[in-house]
Amino acid sequence: MTKCILGVVGILALAFHLAGFDNTPPSDQQMIDLFQTQRPVFEEIRARICEKAERDGEETVVGRSQVIMMDPEWADPLVSDAERDHFYALFEMIDAKGVQAIFSANNECELWIEYWSVGWVGAADYKKFVFGAPDQTDQIVDSLDDVQMGSEIVFFRRKLEGGWWLALDHWP
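Residues numbered from 1 in each chain as written. Predicted model: local features only at pLDDT ≥ 70, side-chain atom pairs only at ≥ 80, totals over all residues. Heavy atoms only, no water.

### With respect to the side chain of Arg46
No. 1: Relative to the helices and strands, Arg46 is located in helix α3 (residues 39-50).
No. 2: At a separation of 2.8 Å, a polar atom in the side chain of Arg46 contacts the side chain of Glu43.
No. 3: Sequence-distant contacts of Arg46, that is, excluding residues within four places in its chain, are made with Glu51, Leu111, Phe131 and Trp164. (Helix = DSSP H or I, 4+ residues; strand = E, 2+ residues; numbered from the N terminus. Polar contact = N/O pair within 3.5 Å; in protein donor to acceptor, adjacent residues only side chain to side chain. Contact = heavy atoms within 4.5 Å.)

### A few points about the packing of aromatic side chains
No. 1: Under the definition given, this model contains 10 aromatic pairs.
No. 2: A centroid spacing of 5.6 Å and a plane angle of 75° characterise the contact between Tyr115 and Phe129, whose relative ring orientation is edge-to-face. Pair noted here: Tyr115 is in strand β4 (residues 109-120) and Phe129 is in strand β5 (residues 123-131), with a separation of 14 residues, a long-range link.
No. 3: Judged by relative accessible area, Tyr115 falls into the buried class, the value being 17%.
No. 4: On the basis of relative accessible area, Phe129 is assigned to the buried category, the value being 1%.
No. 5: An aromatic cluster is defined as three or more aromatic residues linked by ring pairs; in this entry it consists of Phe35, Phe42, Tyr115, Phe129, Phe131 and Trp164.
No. 6: In this arrangement the basic side chain of Arg48 is found over the ring face of Phe87, its NZ or CZ atom lying 5.5 Å from the centre. (Phe/Tyr/Trp six-rings, centres within 6.5 Å; stacked < 30°, edge-to-face > 60°. Buried < 20%, exposed > 50% of the residue type's maximum accessible area, 1.4 Å probe, protein only. Lys NZ or Arg CZ within 6 Å of the ring centre and 35° of its normal.)

### Some thoughts on the pairing of strand β1 (residues 65-69)
No. 1: Among the 5 residues in β1, 4 count as buried, and that is most of the element.
No. 2: Strand direction decides the pairing type here: β1 and strand β2 (residues 74-76), joined by 3 bridges, are antiparallel. Counted as the bridge partner of Val67 is Asp76 from β2.
No. 3: Between β1 and β2, which pair antiparallel in sequence order, lie 4 residues. (Pairing = 2+ DSSP bridges.)

### So, the layout of surface pockets
No. 1: The calculated volume of the largest pocket comes to roughly 670 Å³.
No. 2: As for the largest pocket, its lining consists of 22 residues, of which Met69, Lys97, Glu114, Ser117 and Tyr126 are closest to the centre.
No. 3: Looking at the lining of the largest pocket, the elements that each hand over two or more residues are β1, β3 (98-103), β4, β5 and β8 (164-171).
No. 4: It is β4 that provides the largest number of residues to the lining of the largest pocket, a total of 6 residues.
No. 5: Residue composition of the lining of the largest pocket, grouped by class: 13 nonpolar, 4 polar and 5 charged. (1 Å grid on protein atoms, 1.4 Å probe; cavity = no way out; pocket = protein on both sides within 12 Å on 5 of 7 lines; lining within 4 Å. Points joined across faces, edges and corners; volume = space filled by probe spheres on them. Nonpolar A, V, L, I, M, F, W, Y, C, P; charged D, E, K, R; others polar.)

### Topic: the state of the cysteines
No. 1: For the structure on display, the rule yields 1 disulfide.
No. 2: Each disulfide pairs two cysteine sulfurs, and for Cys50 the partner residue is Cys109, the sulfurs being separated by 2.0 Å. Residues Cys50 and Cys109 are joined through a disulfide that is left-handed, its torsion about the S-S bond being -55°. Placement of Cys50 in helix α3 and of Cys109 in strand β4 is noted, with a sequence separation of 59 residues between them. (Disulfide = S-S within 2.5 Å.)

So, in structure tokens, the structure goes:
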């Protein structure tokens, strides 16, 4: 039985390899180039989510969040079909997987646009675009390409411009 399972895993691994499946994260430069050429798309995503509460006159609840993901398809809280379709079109323009925003007590919005991930819940790495001030646990670096992640949970950020960052989260 164990040999059968190992055989199936080996075949799947070979299939992913032959299909071009690659766990290598995009380079900082690839992400910087994308950000610079598609900055209006990033800003529209930020504005649609972060400024929505202000435009709608909603009272901000501390810790309130908004999540919209493409795979699996879900949103919390729910958004209309039209809003979801518009976000998905924006995500496809920048090859994003989804977005999450967290609102603080002073109505500040931190936005994470997931760009690349590998692994499973509890043991995964994520490379993303972030808008908002870094947390005290974030390590500010000049490059995410050569950081040493080790066996601890770590969060790295690299400054882009205008409140935007590149980020790498490592969850061993």
